[in-house]
Amino acid sequence: MLRNLFASTFGSLALGRLYAAVTLIGLALGLAAAILTALFVRQQYSYEAFIPGQERVFRMTGTVAQPGQPERVSAVTPSILAGALAARGDPIEAVARLYQDDPVVRAGTGAAPMRAEGFVWADPGIFRVLPFAATAGNLDTALAEPGTVVLTRGAAQRLFRRAAPVGDALDIVAATGAVQRLRVTAIIADLPPETHLDLQVIASGLGAASPLARADASPVPTINLPILTYVRAKAGTRAADLQPALDEIIRPFQAMAAASGTKVGGYAMPIAAIHFGPPDDSPHGKPGVDPAVVVAIGVVGLLILAMASTSYIALMTARAGRRGVEVAVRKACGAGRRQLLAQFLGESLLVSLAALILGMGIVELILPAVNGLLGLSLAFDLTREPGLLLPLIAIWLVVGLASGFYPAFVLASFRPSAALGGGTAGLAAPASIGRMMVIVQFATLAALLVAAVTVYRQTDFAIGSALGAGRGPVLTIATSCRSGLSQAVRELPGVSGASCSAAGAFNLAPQGAVTAINREGRRFTPGFVDVDPHFFALAGLKPLAGRVFSPEREGDAARHELVINQAAARHFGFVSPQAAIGQPLAVSLQVGPNPPTMPYTIIGVVPDAAASVLEPAGELIYNAATPEWGVLAVETSAAGLPDVRRNLDRLWRAIGDGGPLEARLLAQVEADRYRATIIQGRVIGASALVALVISAMGLFALSAFTVDRRTKEIGVRRAMGASSGAIVGLLLWQFLLPVLVACAIGIGLSYVAMVHWLERFASRIDPNIWILASIAIGTIIFALAVMSAQVVAAARGKPVDALRYE
């Protein structure tokens, strides 16, 4: 039976090698696209699954809503929150805090210093909240003493060149040369990519030098340190069960914030929901992903698979006419309908299996390139994950049976008398199936093209709207701003500007908050950042009214003068930017009912510079001061960038903080900010390319088959005097009509979907009708180009050859 099935399948494919190749390659491409998108969706929904009991782990999350501003989600929590939660007891089992740092470290005396990646200060109970597995040492007591540290295996290998340096010393080297020694007490396995955490060096927060210990020693609760609080609750505890305790603890903070019109809230976010949660100001970890993006990519994969399956159905059904005599002979020899159905479904399953194997090979070949392009870590290894075989088998069976059922039904329904007599009984449907295939494929193609262009335009707009965009390349370096480094950098050849200001000024970190009171007594809690006099020129922020700080005016800081943005001017009640100039403003670094204030004067108003296009710009005050620690931004030119990097490296070795120079382009930082959108655009763009190939192959094969079937008709028309142009126009129009319908459907649906997608951005592009028209015209031209080779060749043939065809 199997031998006959294989023989029948290979014989059928050999009769039409072009159609066989189109069928096999098109289906393989669709299956490969489906596998890749399934791997992506699977990875995105497996975040934090490696943590034992992850359903019981929560991160405390705050919300802040200032007057006239949308609610902002904050992962930063007060330093006292962990202790207050731990004192509540039931239903909380353990509480721990994390504080990310980026010190320069060295593996013992004499070793080369390097910047620590994934360095955090943590409470000793962190491994009760996050029970990782230890490969060396005891995690129960690993951080119980000051001056202890736990490393991941990868960090240990990078720092000490061996996997288990338990007992060795890790030194933190300050810019002043002071050294703080930590002792390695345990090693844990590297965290998988599927987590929001970036934990590689975990130091005990009990030491006097730890920011956590300093916060605990402060008589005033610390609310402006980037401290994150994690909780492990008892089994069966839900986020809502933790809310009463959280409400009681934050009630005093709500009263303090209410004095300035700010509403403060908080809730417990399940750790598994962080990856898909709202954007926050978490100082560490990985950026989250909009779940709609993941769903959209999964839908795109299904659309590509549907295109390939539709093409397979159409081509197999269209070829059914070629097998009419074979079916008639089999029926005449006694073959029943069930036998024929089983045979043709078996052929479909064999072709689908071959396409699946080919598709898996394509996935193996292009997966490294996909990971590199999208910055992902997808894996497709059946030896390590044999469970992947089950969904692959399910895909094979569903695609093989669903794609082959209709062609098998058509073939098994042939009447022997009609087939042997040269009729085409039962073959009226393939023409409609072919038109349906064209509509499905080209509607999908047009929709993907609209989506890809829209995502690309919005991403380009987002990066182009960033601070300092449109200027030369800008390098950013986290460093001390009081070391004289910025002045030395400005004197380097090729440097057109340099500013050392607070990281929040460059939208690279959360901005500090203050209490501001205007002349009418209105209170606000705007952002507050320290900037040097060179900041505004480098950032490209020109004053709308008044002036900004200038190197020629060194007394701005002493005179307590401020520059504010447009949003702050509006919310302070000024009718125009000019009206704000010279107005007094009382500012306090504390938040409370009656905080002590210091008088300032507004000297300038500058345009808003939102952190991203996802949210509107908030109220922001620029203060003329040099921060102790900030970001050194260095502007140069594209041609001078390599030389500036080399000169910076030499200067850094001479007067830097002792660690290696880590300079990143500001444009790359902005690209990382929109990583999820860029991934979405690239996936949709790649899917559009696959859809283009499948559409071309399907339409080419179907047009070739249709021309082949209508050879005698073409000959008769030519003999009756029809011109080649008329025949070409007739045949092209029959295929062009469903393409026009497909473009209308695909572009219309995609336009509605993309308008809805753009609504998630506070600043966005406007859909361009001319771009939609260009996509439609381009799709039509592409379809005509694919069909024209077959149609023109048939129309130019000799009538006598066409009439002798049968």
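Thresholds applied
- Residues numbered from 1 in each chain as written.
- Predicted model: local features only at pLDDT ≥ 70, side-chain atom pairs only at ≥ 80, totals over all residues.
- Heavy atoms only, no water.
- Helix = DSSP H or I, 4+ residues; strand = E, 2+ residues; numbered from the N terminus.
- Buried < 20%, exposed > 50% of the residue type's maximum accessible area, 1.4 Å probe, protein only.
- Contact = heavy atoms within 4.5 Å.
- Areas by Shrake-Rupley, 256 points an atom, 1.4 Å probe, with all protein chains shown as cover.
- Disulfide = S-S within 2.5 Å.
- Expected span 1.5 Å × (residues − 1).
- Arc of directions from axis to C-beta.
- Phe/Tyr/Trp six-rings, centres within 6.5 Å; stacked < 30°, edge-to-face > 60°.
- Lys NZ or Arg CZ within 6 Å of the ring centre and 35° of its normal.

Observations concerning the overall build of the protein
Thought 1: When you go through the protein residue by residue, the secondary structure sums to 24 helices and 26 strands.
Thought 2: Here the protein holds 806 residues, and the buried ones make up 49% of them.
Thought 3: Restricting the contact set of the protein to residue pairs at least 6 apart, pairs at least 24 apart contribute 79%.
Thought 4: Approximately 35,400 Å² of the protein is accessible, and the part contributed by carbon and sulfur atoms is 61%.

Side note on the state of the cysteines
Thought 1: Enumeration according to the criterion identifies 1 disulfide in this entry.
Thought 2: Two residues share a disulfide in this structure: Cys481 and Cys500, whose sulfurs sit 2.1 Å from each other. Here Cys481 and Cys500 share a disulfide; its torsion about the S-S bond, -80 degrees, makes the bridge left-handed. Of this pair, Cys481 sits in the loop between strand E14 (474–480) and helix H14 (485–490) while Cys500 sits in strand E15 (residues 497–501), placing them 19 residues apart in sequence. Accessibility classification places Cys481 together with Cys500 in one group, the buried group.

Quick notes on helix H18 (residues 641–655)
Thought 1: Taking 1.5 Å as the rise per residue, H18 with 15 residues should run 21 Å; its terminal C-alpha atoms sit 21 Å apart, in good agreement.
Thought 2: Looking at H18, one finds that the buried residues are Leu641, Val644, Asn647, Leu648, Leu651 and Trp652. On an axial view of H18, the arc spanned by its buried residues comes to 140 degrees, and they lie on one face. In H18, those exposed residues whose orientation departs by more than 90 degrees from the buried face are Arg653 and Ala654.
Thought 3: Tucked into the core, H18 has its buried residues touching strand E5 (114–115), E14, H14, strand E25 (629–635) and strand E26 (664–665).

Concerning the packing of aromatic side chains
Thought 1: In total, this model carries 11 aromatic pairs according to the counting rule given.
Thought 2: Ring geometry for Phe50 and Phe132: centres 6.0 Å apart, planes at 10 degrees, overall stacked. Taken together, the residues Phe50 in the loop between helix H2 (17–44) and strand E1 (57–65) and Phe132 in the loop between helix H4 (126–129) and strand E7 (134–137) connect sequence positions 82 residues apart.
Thought 3: Taking relative accessible area as the criterion, Phe50 reaches 30% and is therefore assigned partly exposed.
Thought 4: Centre to centre, the rings of Phe119 and Trp121 are 5.3 Å apart; their planes meet at 70 degrees, and the pair counts as edge-to-face. In this structure, Phe119 and Trp121 share a single accessibility class: buried.
Thought 5: One aromatic cluster is present, built from ring pairs that chain together Phe506, Phe535, Phe536, Phe549 and Tyr622.
Thought 6: The cationic tip of Arg760 hangs over the ring face of Phe761; the distance from NZ or CZ to the ring centre is 4.9 Å.

These values are about where atoms sit, not about what they do.
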